[in-house]
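What follows is the residue order along each chain.
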Amino acid sequence: MEQIEQQREKVAPAGVDTDTGGRIKQVLDHYKLSTYEANVRLGYGRASKLYKVLKNEVRPSYDTIVNFLVAFPELSADWLLMGTGPMLRGATDEARPAASLHQVVRGDKVVVVTVDDKGNENTVLVPIPAQAGYSLAHNEAVYLQQFGTYKIPGFERGEFRAFEVAGDSMAPTINHRDVVVATRVDELRLLEPGEVYVVVTPESVMLKRIKNRLRANDKEVMLHSDNAHRSPYGLETRDIIELWRVRGYVSSYIPSAPDITVERLWEVIEQLGFDRGEVRRHLIESSTPDATS
């Protein structure tokens, strides 16, 4: 196998740099990341073979290359794979307006936000592979500048952050790979009961529904899933690093055709003067406790 790899290297096209491991080292140097910090950001464990890649003991796998391109969206794939062109892609992508980082005061904290060339705040998208490192570096400029920034219709004014959803704990309301768009909650007592929130703790980024209002002296908050097979559980409020209220979501999931009988029932409910959303929320809050998973 080693001989085959050596032969492949010999026939590589002229001008193509095959030292992908060396370029990965350049990426870490560019973002001033230690190997441990890079492992955290990529969602790898302590025993990740990234250490061996940086020592040129093994070549990076296809999955490793893809994870780097997802975690660092501005990286040029041509440069990472073949060493051609600049390390970073040009600012010609219409989905990513020119952005700069500003520090602003939110409640009792100073936070980092991105703004466009007109001073308007952008929506930063945090993909699934990068969420392992979000708890550690969510307020660091170097960390945030790696992500794509977007202008989403209906969410142009104010600070928004978008998170790609992992798992099915909020199904059927929100599904795996959907993207939720949320606003920051500066104080826990300001949360609206019954809404869906992105809850950031030192260990994870979670999407949960919070049904009860929090008071100043509350030490614990109950986190609920919309998936009936997931049980609610308590979380100490001191462990909440950030809280984002979901205002909308982007989904590629298209539900099947609605049941005609159910639709007729909703029509009757609306004719009686009831709001469909309020009725749905009442049904959710009055439902039996979640079953054990």
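See the structure shown above.
Residues numbered from 1 in each chain as written. Predicted model: local features only at pLDDT ≥ 70, side-chain atom pairs only at ≥ 80, totals over all residues. Heavy atoms only, no water.

**Considering the sheet that holds strand β5 (residues 160-164)**
Now for step 1: Strand order in the open sheet formed by 7 strands is β4-β3-β5-β6-β11-β7-β8, with mixed pairing between adjacent strands. The sheet terminates laterally at β4 (149-150) and β8 (205-210), the two strands that pair on one side only.
Now for step 2: The pairing of strand β7 (residues 195-200) with β8 spans 6 bridges and is antiparallel. When the bridges of β8 are listed, Val198 appears paired with Leu207. (Pairing = 2+ DSSP bridges. Helix = DSSP H or I, 4+ residues; strand = E, 2+ residues; numbered from the N terminus.)

**Quick notes on the pattern of salt bridges**
Now for step 1: A full pass over the atoms with the stated rule returns 9 salt bridges.
Now for step 2: Close ionic contact of Arg189 with Glu187 constitutes a salt bridge, the shortest N to O distance being 2.7 Å.
Now for step 3: Accessibility expressed as a relative area gives 48% for Arg189, which makes it partly exposed.
Now for step 4: Here Glu187 falls in the partly exposed class, since its relative accessible area comes to 33%.
Now for step 5: Between Glu236 and Arg238 there is a salt bridge whose closest N-O contact spans 2.6 Å.
Now for step 6: Classification of Glu236 as partly exposed rests on a relative accessible area of 36%. (Salt bridge = Lys/Arg side-chain N within 4 Å of Asp/Glu carboxyl O. Buried < 20%, exposed > 50% of the residue type's maximum accessible area, 1.4 Å probe, protein only.)

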